[in-house]
Amino acid sequence: MEWREQVAHDKRAAFRDENYWGKPVPGFGPDDARVLVVGLAPAAHGGNRTGRMFTGDRSADVLIACMYRAGLANQPTSLSVDDGLRLLGTRVTAPVHCAPPDNKPLPSERDNCRHWLITELGLLAPTLRAIVVLGGWGWQALLPALTESGWTVPKPKPKFGHGAHYELAPARPGRAPLHLFGTYHPSQQNTFTGRLTPAMLEAVLAEAARTAGLPAR
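(A) A look at the state of the cysteines. Enumeration over the complete set of coordinates arrives at zero disulfides. As a non-bridged cysteine, cysteine 98 has cysteine 113 as the owner of its nearest cysteine sulfur, 5.8 Å distant. Note on cysteine 98: relative accessible area 15%, which makes it buried. Owing to a relative accessible area of 12%, cysteine 113 belongs among the buried residues under this scheme.

(B) Fine view of the packing of helix H4 (residues 107–124) against helix H5 (residues 136–149). Running from N to C, H4 and H5 cross one another at 55°; their axes reach a closest spacing of 9 Å. Classified by the interaxial angle, the pair formed by H4 and H5 is oblique. The crossing of H4 and H5 is right-handed. Across from Arg110, Arg114, Leu117, Ile118 and Leu121 in H4, the residues of H5 making contact are Trp137, Ala141, Leu142, Pro144, Ala145, Leu146, Glu148 and Ser149.

(C) How the structure looks around the pattern of salt bridges. For the structure shown, the criterion picks out seven salt bridges. Residue glutamate 120 is joined to arginine 91 by a salt bridge in which the shortest nitrogen-to-oxygen separation is 2.5 Å. Residue glutamate 120 is located in helix H4, and its partner arginine 91 is located in strand E2 (residues 90–93); the two are separated by 29 residues in the primary sequence. Neither residue differs from the other here; glutamate 120 and arginine 91 are each classed as buried. The salt bridge partner of arginine 110 is aspartate 111, with a shortest N-O separation of 2.9 Å. For arginine 110, a relative accessible area of 24% gives the class partly exposed.

Cut-off values and rules
Residues numbered from 1 in each chain as written. Predicted model: local features only at pLDDT ≥ 70, side-chain atom pairs only at ≥ 80, totals over all residues. Heavy atoms only, no water. Disulfide = S-S within 2.5 Å. Buried < 20%, exposed > 50% of the residue type's maximum accessible area, 1.4 Å probe, protein only. Axes fitted to C-alpha atoms, helices over the stretch in contact; angles between N-to-C directions. Helix = DSSP H or I, 4+ residues; strand = E, 2+ residues; numbered from the N terminus. Parallel < 35°, antiparallel > 145°, perpendicular 65-115°, else oblique. Left-handed = near helix turned anticlockwise from the far one by under 90°. Contact = heavy atoms within 4.5 Å. Salt bridge = Lys/Arg side-chain N within 4 Å of Asp/Glu carboxyl O.

Set out below in structure tokens:
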């Protein structure tokens, strides 16, 4: 919390004239979404600055453009909270809601925030049919939240990998079968090195949309 607020006070030179959000960043998208995209945590000068997940940073540039091409967003850019972006049948969230130093959340931050993820999963449960997880850290953080939210996570636990796809059975009334997809995170480290290309990410998002029953673009 202290680091998040310090970043918002010190700012980056390019954004020195902006008022940073500097608070926990909520999920973004409709409350009846059929697809949920789960990231890592807000970026210090992205979501922590703008107040919206995946907005105003390089990861957002890649993710939102791919979501647009997959039919999950109404436009290919996410620059500010008033830019007109709408997510279509899709919601974006993260296991940690405060920007962490070096984009590396601590286990304690993950555990402290888990109840928010469980709550969000519960609210989305009537319509939720697919989850796309961006990166192995988010994957590991999500699995126990899915168990507590009413889905059966098989043993051994589903293994993360780009293109991974598992179907989870419901474990309580009011839950439907849930498709779990994995993809590398659209971080600069992954996109600049070619470990993750836009085509790779778009393919996973499009498959999740199809599986969830969303209309193709």
